[in-house]
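Residues per chain, in single letters:
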Amino acid sequence: MKIKRQVIFFVYGAFSEKATKIINGVTTPKGFYVFKFDKNGTKLWESINAIASKDFFEKTHTSSRLQINLLEYKKDLIFSVSVNDFTEFSYSTKVDKLTGSISKINFIEYNNTTSNLKNKAFINNSYVSDEFKNKVFSQMTFVAMIVNPNVMSYVKSVSKDGKKLYYESIICDEGIWLVETDNKESYKILFFKD
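Please read all numbers here as calculations on a predicted model, not as lab measurements. (Residues numbered from 1 in each chain as written. Predicted model: local features only at pLDDT ≥ 70, side-chain atom pairs only at ≥ 80, totals over all residues. Heavy atoms only, no water.)

> Quick question: what am I supposed to make of the packing of aromatic side chains here?
For any pair of aromatic rings, the description consists of the separation of the ring centres together with the inter-plane angle of the planes. Inspection of every chain in the model, using the stated rule, returns ten aromatic pairs. Between Phe10 and Trp45 the ring centres are 6.1 Å apart and the planes differ by 45 degrees, which places this aromatic pair in the tilted class. Residue Phe10 is found in strand β1 (residues 8-16), and its partner Trp45 is found in strand β3 (residues 43-50); the two are separated by 35 residues along the sequence. By relative accessible area, which is 9% here, Trp45 ends up buried. On the numbers, 6.1 Å between centres and 55 degrees between planes, the contact of Tyr154 with Phe192 is tilted. Residue Tyr154 is found in helix α2 (residues 149-157), and its partner Phe192 is found in strand β12 (residues 187-192); the two are separated by 38 residues along the sequence. Each of the two residues, Tyr154 as well as Phe192, counts as buried. An aromatic cluster is present here, built from Phe132, Phe137, Phe142 and Tyr167 joined pairwise through their rings. (Phe/Tyr/Trp six-rings, centres within 6.5 Å; stacked < 30°, edge-to-face > 60°. Helix = DSSP H or I, 4+ residues; strand = E, 2+ residues; numbered from the N terminus. Buried < 20%, exposed > 50% of the residue type's maximum accessible area, 1.4 Å probe, protein only.)

This is the structure:
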């Protein structure tokens, strides 16, 4: 029995009202787009959306400070844009793979604390949130906590007392992989389907 796989392509990005005059100049994203194409280059749908960002994008001085991702997660795509400039935050949206419609929009703020950076660390993150004492996250882990409430519940259930823990996430079609480590002797890998 042969399994026929459909080949599709997604093109995505952020847009602003006017182009910057220099490379990596001041940028003010106003929205994002996702286009879906089949293997012949035929556009199947387009999704163009404004980003309601509480004006935090106004503080983004260079486009190199933006981290933009489009990840497959079950029946959806997860579009995220994270900013590391003055105010750090991640904005994420669920985009339906079949139609391009938006089903969920989320926003989370955090701080960049370079004191958490370590040389020769297994996971080397510097982002923290006042809500999570002794826990350090990657930008994608904040997105994972937004996308799957079970990831958020798990992280909240881990004791705030004791050693500092570092978290990294991989979001994929099957679910979310979460790596938790103290960067010394404890390493834990968890998988969240729902």
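There's more to say after this.
> Explain the pairing of strand β7 (residues 102-112) here, please?
If a strand is regular, its side chains alternate between the two faces of the sheet. As paired elements, strand β6 (residues 88-96) and β7 share eight bridges and run antiparallel to each other. Bridge pairing in β7 places Ser90 opposite Ile108. Here β6 folds back onto β7, and the loop between the two strands holds five residues, one of which, Gly100, carries a positive phi near 85 degrees. In this sheet, strand β8 (residues 127-128) lies alongside β7 in antiparallel orientation, the contact comprising two bridges. In the strand pairing of β8, Asn111 is matched with Val128. (Pairing = 2+ DSSP bridges.)

> Help me out: how do you make sense of unusual backbone geometry in this one?
The bulk of non-glycine residues show a negative phi, and the bulk of peptide bonds are trans. The phi dihedral of Lys74 is positive, around 60 degrees, even though this residue is not glycine. Among the secondary structure elements, Lys74 is positioned in the loop between β4 (66-73) and β5 (76-83). Since its relative accessible area comes to 26%, Lys74 is described here as partly exposed. One non-glycine residue, Asn183, adopts positive backbone phi at about 65 degrees.

> Quick question: what am I supposed to make of the nonpolar core here?
Within soluble globular proteins, side chains that are nonpolar generally end up buried alongside one another. In terms of nonpolar packing, the biggest core is built from 27 residues, with Met145, Tyr154, Val155, Tyr167, Ile171, Ile176 and Leu178 touching the most fellow members. If you list the elements that add at least two residues to this core, you get β4, β7, α1 (139-147), α2, β10 (165-172), β11 (175-181) and β12. Sorting elements by how many residues they give to this core places α1 first, with seven residues. Discounting chain neighbours no more than four positions away, the residues touching Val155 are Phe132, Lys135, Phe137, Met145, Tyr167 and Leu178. (Core = buried A, V, L, I, M, F, W, Y, C linked by side-chain atoms within 4.5 Å. Contact = heavy atoms within 4.5 Å.)

> Teacher, can you tell me more about the packing of α1 against α2 here?
In a packed pair of helices, the relevant descriptors are the angle between the two axes and the axis-to-axis distance. The contact between α1 and α2 brings their axes to 5 Å, and the two run at 115 degrees. With respect to α2, the axis of α1 lies roughly perpendicular. In this structure, α1 contributes Ala144, Met145 and Val147 to the contact, and α2 contributes Pro149, Val151, Met152 and Val155. Considering only residue class, the contact of α1 with α2 consists of seven nonpolar, no polar and no charged. (Axes fitted to C-alpha atoms, helices over the stretch in contact; angles between N-to-C directions. Parallel < 35°, antiparallel > 145°, perpendicular 65-115°, else oblique. Nonpolar A, V, L, I, M, F, W, Y, C, P; charged D, E, K, R; others polar.)

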